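Topology and contacts: notes
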Amino acid sequence: SSSLAEHGTIPIQFFLILFLLIPKSITMTSEEYTNTCISQDEIERHAKDIRQMKKVLANQQFELDNSIRMLDEMINAYKPLQAEFEVEEKKVAEIKKRCEEDGASIAKE
């Protein structure tokens, strides 16, 4: 196998991988490192906050699911009524048509 040096060029990907693999802590000063560290208390506080947010989201999801269920029930309850309304609408249209026909007959006489 040939080495990169034998080819005279080193691909840019090599440098990118090398850069990504070098830990940032090597190049940090001790003050920078201390400033970036999170205390155990902070980690526990953030974990507690996340658990609280998960509870709130779970409650909101529960409420959303209930609202969707209630909406589905209302839609399903409306469907039979809509069918009844359509039947009644046809009856009214037939009565109107007969009345118009009768009115036209009377007008001719």
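Note that the structure is predicted; figures quoted are calculated from it, not measured.

Here's the deal with the overall build of the protein
For the protein, the helix and strand inventory stands at five helices and zero strands. Each helix and strand of the protein, ordered N terminal to C terminal, gives the series α-α-α-α-α. Counting the 109 residues in the protein, one finds 0% classified as buried. Accessible area for the protein stands at about 10,500 Å²; split by element, carbon and sulfur atoms hold 62% of it.

Notes on the pattern of salt bridges
For the structure on display, the rule yields two salt bridges. Between Glu73 and Arg69 there is a salt bridge; the shortest N-O distance is 3.1 Å. Of this pair, Glu73 and Arg69 both sit in helix H5 (residues 40-108), separated by four residues, roughly a single helical turn. Looking at Glu73, the relative accessible area reads 46%, which means it is partly exposed.

What to know about a positive patch on the surface
Together, Lys48, Arg51, Lys54 and Lys55 make up a region of like positive charge exposed at the surface. Tracing the chain through its elements places Lys48 in helix H5.

Quick notes on a nonpolar patch on the surface
Together, Leu71, Met74 and Ile75 line one region of the surface with nonpolar side chains, adding up to about 290 Å² of accessible area. Looking at the element boundaries, Met74 is found in helix H5. Since its relative accessible area comes to 56%, Met74 is described here as exposed.

Thresholds, definitions, all that
- Residues numbered from 1 in each chain as written.
- Predicted model: local features only at pLDDT ≥ 70, side-chain atom pairs only at ≥ 80, totals over all residues.
- Heavy atoms only, no water.
- Helix = DSSP H or I, 4+ residues; strand = E, 2+ residues; numbered from the N terminus.
- Buried < 20%, exposed > 50% of the residue type's maximum accessible area, 1.4 Å probe, protein only.
- Areas by Shrake-Rupley, 256 points an atom, 1.4 Å probe, with all protein chains shown as cover.
- Salt bridge = Lys/Arg side-chain N within 4 Å of Asp/Glu carboxyl O.
- Patch = residues over 30% accessible without salt bridge, like charges linked within 9 Å, V, L, I, M, F, W, Y side chains within 5 Å.
- Lys, Arg positive; Asp, Glu negative; His and termini not counted.
- Charge placed at Lys NZ, Arg CZ, Asp CG, Glu CD.

Any functional reading would require information beyond the geometric quantities listed.
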